[in-house]
Every structure is written in C-alpha cells, then in structure tokens.
Amino acid sequence: MTDSPPPQPPSPGSPGPSGSSDDSPDNTGLLLCGARLTDGRTVDVRLGGGRIEAVGTAGSLTGNGARVDLSGYLLLPAPVEPHAHGDTALSADGDGPVSYDPEEVQRRATEATLLQLGHGATAVRSHVRIGEMEGLGSLEAVLQARRSLVGLADLRTVAMPRLLTGAAGANGLAMLRDAVKMGASAVGGCPDLDPDPIGYVEAVLEVAAEHGCPVDLHTDGADPARLGRLAAAAGGVRTGVVVGPLGGLARLPGEAARRAVDGLAAAGVAVACLPQGGCAGVDARGVAPVRLLRAAGVRVAAGSGALRDVSNPVGRGDPLEAAYLLASRYGLRPEDAYAAVSSAARAALGLPEVRLEAGFPAELLAVRGDRLAGALSLAYSRIVVHRGRVVARTSAVREYCDSAAAVALDLPRQGRAAKHGGGGPA
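Residues numbered from 1 in each chain as written. Predicted model: local features only at pLDDT ≥ 70, side-chain atom pairs only at ≥ 80, totals over all residues. Heavy atoms only, no water.

(A) Summary view of the nonpolar core. With 81 residues, the main nonpolar core has V187, V243, L249, L264 and L293 as its most contacted residues. Looking at this core element by element, the count peaks at seven residues for helix α4 (residues 197-211). When residues no more than four places from it in sequence are discounted, the contact partners of L264 are L227, A231, V243, L246, V269, V271, L293 and V298. Counting 19 residues, the second largest nonpolar core, distinct from the first, contains L30, L47, L356 and L364. (Core = buried A, V, L, I, M, F, W, Y, C linked by side-chain atoms within 4.5 Å. Buried < 20%, exposed > 50% of the residue type's maximum accessible area, 1.4 Å probe, protein only. Helix = DSSP H or I, 4+ residues; strand = E, 2+ residues; numbered from the N terminus. Contact = heavy atoms within 4.5 Å.)

(B) Quick look at the pattern of salt bridges. With the rule as written, the count across this model stands at 23 salt bridges. In this structure, R294 engages D336 in a salt bridge whose closest nitrogen and oxygen atoms are separated by 3.2 Å. Here R294, found in helix α7 (residues 290-295), pairs with D336, found in helix α9 (residues 334-341); they are 42 residues apart in sequence, far enough to count as distant. The partner of E335 in a salt bridge is R333, with the nearest N and O atoms 3.3 Å apart. Taking the relative accessible area as the measure of exposure, E335 reaches 43% and is therefore partly exposed. (Salt bridge = Lys/Arg side-chain N within 4 Å of Asp/Glu carboxyl O.)

(C) Looking closely at the sheet that holds strand β13 (residues 241-245). Read from one edge to the other, the open sheet built from eight strands follows the order β8-β9-β10-β11-β12-β13-β14-β15, with strand pairing classed as parallel. Each edge of the sheet is formed by a strand with only one pairing partner; in this case those strands are β8 (81-84) and β15 (300-302). Between one strand axis and the next, the sheet turns by 25° as a mean value, whatever way the strands run. Pairing of β13 with strand β14 (residues 270-273), which is carried by two bridges, proceeds in the parallel orientation. Looking at the pairing, V243 lines up with V271 of β14. (Pairing = 2+ DSSP bridges. Axes fitted to C-alpha atoms, helices over the stretch in contact; angles between N-to-C directions.)

(D) Examining the packing of helix α3 (residues 166-182) against α4 more closely. Contact geometry of α3 with α4 gives a least axis separation of 11 Å together with a crossing angle of 30°. Note that α3 runs across α4; the crossing there is right-handed. Together, L173, L176, R177, V180 and K181 of α3 and A203, V204, E206, V207, E210 and H211 of α4 make up the contact between the two elements. When grouped by side-chain class, the residues that make up the contact of α3 with α4 number six nonpolar, one polar and four charged. (Left-handed = near helix turned anticlockwise from the far one by under 90°. Nonpolar A, V, L, I, M, F, W, Y, C, P; charged D, E, K, R; others polar.)

(E) Fine view of empty space enclosed by the protein. By the definition in use, this model includes three cavities of 30 Å³ or more. In this model, the largest cavity occupies a volume close to 60 Å³. Every residue lining the largest cavity is counted, 13 residues in all, and those nearest its centre are A84, H85, G86, A112 and Q116. Elements with a contribution of two residues or more to the lining of the largest cavity: α1 (102-119) and β9 (123-130). Residue contributions to the lining of the largest cavity peak at four residues, all from α1. A class-by-class count of the residues in the lining of the largest cavity yields eight nonpolar, five polar and no charged. (1 Å grid on protein atoms, 1.4 Å probe; cavity = no way out; pocket = protein on both sides within 12 Å on 5 of 7 lines; lining within 4 Å. Points joined across faces, edges and corners; volume = space filled by probe spheres on them.)

(F) Representation of the environment of G221 within the structure. Structurally, the position occupied by G221 is in the loop between β12 (215-219) and α5 (224-234). On a C-alpha basis, the gap between G221 and G244 in space is 8.0 Å, while along the polypeptide they are 23 residues apart. If we skip the residues at most four places from it in the chain, G221 touches L227, L246, G248, L249 and L252.

(G) The arrangement of unusual backbone geometry in detail. Cis rather than trans, the peptide bond between G244 and P245 has omega equal to 0°. Tracing the backbone shows P245 in strand β13. Even without glycine at this site, L90 takes up a positive phi of about 60°. Of note, L90 is situated in the loop between β8 and α1. In the Ramachandran plot, R308 falls in the positive-phi region, its phi being about 55° despite a non-glycine side chain. Structurally, the position occupied by R308 is in the loop between β15 and α8 (319-328).

Structure follows, in structure tokens:
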C-alpha cells in the first residue's frame, strides 16, 4: 500500500463553477511550449486533467488552455522531498525552546512546504513528533496544513513517537495507533532512542500491518547487528519500508558495511539519505554510503532533513541542492543524482512514476538551462507544475554594473531594463 492520498476539502485553487475553490486537477488544459528535454529534444507538452496529454515537436501541438513559453528552460519530472520535519522547520531563529503550539506548528509546516514547493518539490513527506510533550497536537497541526495546501502541494505525514516498548512505551504505542486513525500517512520514529530498539521496530511494523500503512524509520545505522535485525524484520512488509539517514553506515569498516547493505537490499528496504546534513531525528552527522548502496541494488532517495531548525540552522530544503551534493561530493552522474530526488524518491514514497510522456502525471519542474549538469549548478529560475497547473514561479535576474567589459561582452547591465527588457535570467 502506498501513502494515502491527501483529503479533498476546499483549498486554494482555481475557482469552481460557484466561485468556490476547486482542488481537482486542472481540466482546462495547459500548453508548455518550446521546452528542452534531457535527451536534447525541444518539444511542446500539452497537459490536461492532471496528466500529460501529448508530447510533440516544438510548434506541433495546439491547445485551448493557457500557454507557457519554456524557451530556454529544461523540463524535468518534479522532485519530491522524502524526509522533512515540518513541525520543527523554521524554528532556529526563535528565542528559547521550540514552540509546539498548534497554530505555530501549522504556520511553520505550511511555510516550509511552500518554500520546498518553490524549489520544485510537489510532494513532501514530513516526520512529525508525537509523545508526552507534543501529544497529538503537532500532528493535527501538520494535518491541517496538509488540508490547506491541497491543490498546491501534496504534504504527507509520518507519526514519530519517542518510546514504544516497556511500561513507558505503552502510551506511545496507543498514540501511534490514534495517529494513524487521525490521518497520518505512515508510521515510524527513531528506534535508536528506545531502550529496546528492535522491540520498537517490531511495534512499528505491527501497527503498520494493522492499518496497512508504510513505514519510515530514523536510524543512524552505526550498529550493523541492529541494522541487520531491522532489515530482517522489515523484509516481509508489503506496504514499503524506508530507513534513513544512515550516516553511521558510512563510518563502519568496509566488510561490515557491505554485509549491512546486502541485508537492506535483500529485504527491499529503501534508504533516504541527507546530503545536506543532519535532521531532528538523528544527531550524528554524515551521509549514507550512496555508491555502495546503489551498487548493491538498494533504492536510494535523497532528502533535505532539517530546514532551518536547531539541527541545521542553514538548511535550505532544496532538492536540487541535494542532487548537486550527490554529484559534486559523492561522485554520482548528474542523471543519477537527480533521479535520487525525483524517480527514486517518488518510488520510495509509493507515488506514481512521472515521465515526459503522454499518460503520466503532470508533476513537472522547468529550470533555466539546457543541460542537467548546468541546472544542478545554477538553477535559479524555476517553474513548478503540480496536477497540471503552474503552482510556483521563481525568477532570478542578474545584472552587471556599466563597464567596458560589460559592453564588450554585451552583458545585461543595470539601468537598461526599460530599453532591453531587464537583465539576463539565471
């Protein structure tokens, strides 16, 4: 079973027949003109009903809806954020401890999701703490943010209790079951924080089996025996299991790491690594051994983790930055690095595949540039399409001071906007 789809209450969207908001896919149609694909073709793409209706050579398609000129843009399947913390996001600058007031949590989760949408992520999986301090209030706040964002972005939640075993964990286990009934998309948490980590994993898997929901677990992966037992327990779960960030796995001796990775591969467990740093669930820094995991056949998705909270006060929540780091620091080809934040991340979350072909979901990202490597390096201007309509635009303009070099190279210069239509897009 995949993550459940978001509920369908009225939400920001295009007006319906009565003037109310309509959260259904855009049925009016949209024609994307002159986009470049990664295979070098320049095409028109017609969208309708939340899907790609047709892809043809530039100038060959017509449509009754709006037209978007994508000349100079590279068109890609939209990325997905597989590992966020919406309840603590954007809290690094606050005075004192993080506030878990429901209104504040909802505001932060909403703003964080919109920031990530602007970067291109049309779906976000957010881990949300539940327990003695937060109760279920933070989860309800993030679920409310999810409902308010329908039509703009797909926000999904993972209920994350602290303890699940022994007398102290009984309340957490009951709360986890209540969280699923409330609408949590998946169950998870950090077994490393429980006195009985394997018992914690078994409790999470039991709740997942009861309710038919996916599992997403935090672990550093520094204990190979524990990680092996986790993989063995997760091997029979049909609803899908993701673990991460597994930074500790990279610190293990080579043979121990290889055995642990082979266990994950055999169990069909996916890994969500965090190239940009730590997250609220695991304090230890480090990035999972991405190339070792991929060589063993493990599906590796890449996420952002902390977004300007105490774990990473400068976290940006940008999936293209995660892909850039996988390519620049960990040696992945740009195509494989981008797949980690798009196709692999979608598969890890149980979302349908997206290709630039007729019939696939219209979840797209257009970035200024003509090659994927260049887009990962300097993709400032972006246009985001969710469910067949443009939901976010970011435009960057670079201008240079008036100088002999700027004149000789015909660079976009300050003060020429009225005459030359502005500076050069980036």
